[in-house]
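Fold and contact review
The residues making up each chain are set out below.
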Amino acid sequence: MEDKINSFLEEIKGITIQAEEEAEQFRLKYLSKKGIITALFDEFKTLPPELRKTTGKILNELKQAAEAKLVEAKAVQNSTSNTQNSKLPDLSLPPDPINLGSRHPISVVRKQMTDIFNRIGFVVSEGPEIEDDWHNFGALNFPADHPARDMQDTFFVESEGADKWLLRTHTSSVQVRVMENQKPPIRTISPGRVYRNETISARAHCQFHQVEGLYIDEGVSFADLKQTLYYFVQEMFGDKIEIRFRPSFFPFTEPSAEMDITCLICEGKGCPVCKHSGWVEILGCGMVHPNVLDNCKIDSTKYTGYAFGMGIERITMLKFRINDLRLFFENDMRFLSQFKSVL
Ligand code: PHE
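Residues numbered from 1 in each chain as written. Predicted model: local features only at pLDDT ≥ 70, side-chain atom pairs only at ≥ 80, totals over all residues. Heavy atoms only, no water.

So, the sheet that holds strand S7 (residues 243-250)
Spatial ordering of the open sheet is given by S1-S5-S6-S10-S9-S8-S7, a layout of seven strands whose pairing is mixed. Sheet topology places strand S1 (123-124) and S7 at the edges, where each strand pairs with a single neighbour. Where strand S6 (residues 207-217) meets strand S10 (residues 304-311), eight bridges bridge the pair, whose relative direction is antiparallel. Residue pairing across strands places Gln210 opposite Gly311, the latter belonging to S10. (Pairing = 2+ DSSP bridges. Helix = DSSP H or I, 4+ residues; strand = E, 2+ residues; numbered from the N terminus.)

Dropping the structure here:
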């Protein structure tokens, strides 16, 4: 049997394969299920054990040689067919369309929002998403163990030692960082991602985005706050939209308010989205609490200021009539590609 194998080995070495059909014939003759090598392997199984070692070795060599020949033949064919045959790319064909990516709707609206505030002198500032207790709560006048901390379900980051780290629950933490590092007048806008331990639904998510506004100077009043927000709403949604303020509570502002705008879906007539009130809430705001100014080493007898914070998802949903918050985080191309034309 060894002689037989050796003669096939010589035979294979002597073969040159050129055309595609020749390669296929070669494969059928030697390597297919009914080919010579398969038959030799069957015969090999009948050999007495003492012969198997040496015969097995050359039989494997034969198989490898046949396979190598075929691979080599394919490689030669590929390189020649590209240069010689008609398989050159046809340069007269129209090109494949280049799919331009699109911006995420949240990015689109964040940019619109910061642009609107940039135009009236607010500059963008950013802060970390992993915060300490002081910047997220303490400096913002949340007393330790005060129920106000329960207003926001916080994700704590496991940490060793005394420092307590958390994922910021609001962008108000950036207010503190700016006030600690800058002197009034301060006029800043802080977009960013925030986290809350909430059950995910069409209306709530454990991560979302906010834009925070802060203005500190001498003689800043609630009237300035109202006018700024009115300007924002008109720029964002058009001049038919009205605003209204409702008294509210935040530990870091006094007085505090929440602001509603005319429901864009029913134009104030009443619909399920606005629960038939004609109004939808879009933000929280108020005059910066003197304790917060003091905590940040700003003289609260000299300066006053206002702050506001709003969810970008909420504004985006109103603007594009999106009814499920989860769509923003699922990366479904059927949803995202609809924002192609909006820059
Ligand atoms: N931080 C508040 C929230 O997340 C919003 C807010 C910001 C309220 C600034 C007042 C002033 O709900």
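Quick notes on unusual backbone geometry
Cis geometry marks the peptide bond from Pro184 to Pro185; its omega dihedral reads 0 degrees. With respect to the helices, strands and loops of the structure, Pro185 is situated in the loop between helix H7 (172-181) and strand S5 (186-195). Of note, the bond from Glu254 into Pro255 is cis; its omega dihedral lies within 30 degrees of zero at -5 degrees. Counting through the fold element by element, Pro255 comes out in strand S8 (residues 253-262). In this model, Glu267 sits at a positive phi of 55 degrees, which is unusual for a non-glycine residue. At Lys275, a residue that is not glycine, the phi angle is positive and equals roughly 50 degrees. Relative to the helices and strands, Lys275 resides in the loop between S8 and strand S9 (279-288). Among the residues examined, Lys275 registers a relative accessible area of 63% and is labelled exposed. (Buried < 20%, exposed > 50% of the residue type's maximum accessible area, 1.4 Å probe, protein only.)

Observations concerning the domain arrangement of the chain
Assigned domains within the chain: domain 1 (2-86) and domain 2 (105-339). Once you take the C-alpha centre of each, domain 1 and domain 2 turn out to be 72 Å apart. (Domains from an automatic or database assignment.)

Side note on the pairing of S9
Taken across its ten residues, S9 has eight buried, putting it largely inside the fold. As paired elements, S8 and S9 share eight bridges and run antiparallel to each other. Bridging from a neighbouring strand, Ala257 pairs with Cys285 of S9.

Describing the packing of helix H8 (residues 222-237) against helix H10 (residues 312-320)
Two numbers describe how H8 lies on H10: the axes approach to 11 Å, and their chain directions differ by 45 degrees. Taken together, the axis directions place H8 and H10 in an arrangement best described as oblique. Where H8 approaches H10, its residues Phe232, Met236 and Phe237 are matched on the opposing element by Ile315, Leu318 and Lys319. Here the residues of the contact of H8 with H10 sort into five nonpolar, no polar and one charged. (Axes fitted to C-alpha atoms, helices over the stretch in contact; angles between N-to-C directions. Parallel < 35°, antiparallel > 145°, perpendicular 65-115°, else oblique. Contact = heavy atoms within 4.5 Å. Nonpolar A, V, L, I, M, F, W, Y, C, P; charged D, E, K, R; others polar.)

Thoughts on the site of the ligand
Every one of the 15 residues lining the ligand counts as a neighbour, but His170, Ser172, Arg196, Gln210 and Gly309 are closest to it. Here a nitrogen atom of the ligand and a side-chain polar atom of Ser172 are 3.0 Å apart. Here an oxygen atom of the ligand sits 3.0 Å away from a polar atom, N or O, in the side chain of Gln210. Burial of the ligand by the protein amounts to 92% of the accessible area it has alone, namely 320 Å². Of all elements in the fold, only H7, S6, S9 and S10 reach the threshold of two or more residues within the shell around the ligand. Of the residues forming the shell around the ligand, the biggest block, three residues, is contributed by S10. Classifying every residue of the shell around the ligand by side-chain character gives five nonpolar, eight polar and two charged. (Near = heavy atom within 4 Å. Polar contact = N/O pair within 3.5 Å; in protein donor to acceptor, adjacent residues only side chain to side chain. Areas by Shrake-Rupley, 256 points an atom, 1.4 Å probe, with all protein chains shown as cover.)

Side note on the confidence of the model for the chain
Per-residue pLDDT for the chain has a mean of 90; in total, 95% of the residues score no lower than 70. Per-element confidence in the chain is highest for S10, whose mean pLDDT is 98, and lowest for helix H4 (residues 49-83), whose mean pLDDT is 82. (pLDDT = per-residue confidence, 0-100.)

What to know about the packing of aromatic side chains
For any two aromatic rings, the description comes down to two numbers: the centre-to-centre distance and the angle of the planes. Counted by the stated rule, this structure contains 14 aromatic pairs. Taking the centre distance of 5.5 Å and the plane angle of 70 degrees together, the rings of Phe117 and Phe122 count as edge-to-face. Like Phe117, the residue Phe122 is buried in the burial classification. The structure contains a cluster of three or more aromatic residues connected by ring pairs, namely Phe117, Phe122, Tyr215, Phe232, Tyr306 and Phe308. If you follow Arg52 out to its NZ or CZ, it ends over the ring of Phe44, 6.0 Å from the centre. (Phe/Tyr/Trp six-rings, centres within 6.5 Å; stacked < 30°, edge-to-face > 60°. Lys NZ or Arg CZ within 6 Å of the ring centre and 35° of its normal.)

Describing the pattern of salt bridges
Counted by the stated rule, this structure contains 13 salt bridges. The salt bridge involving Asp260 is made with Arg244; its shortest N-O contact spans 2.9 Å. Taken together, the residues span a long stretch of sequence, with Asp260 in strand S8 and Arg244 in strand S7 at a distance of 16 residues. The salt bridge partner of Asp324 is Arg326, with a shortest N-O separation of 2.9 Å. Each of Arg244, Arg246, Glu258 and Asp260 takes part in salt bridges that share partners, so that together they form one network. (Salt bridge = Lys/Arg side-chain N within 4 Å of Asp/Glu carboxyl O.)

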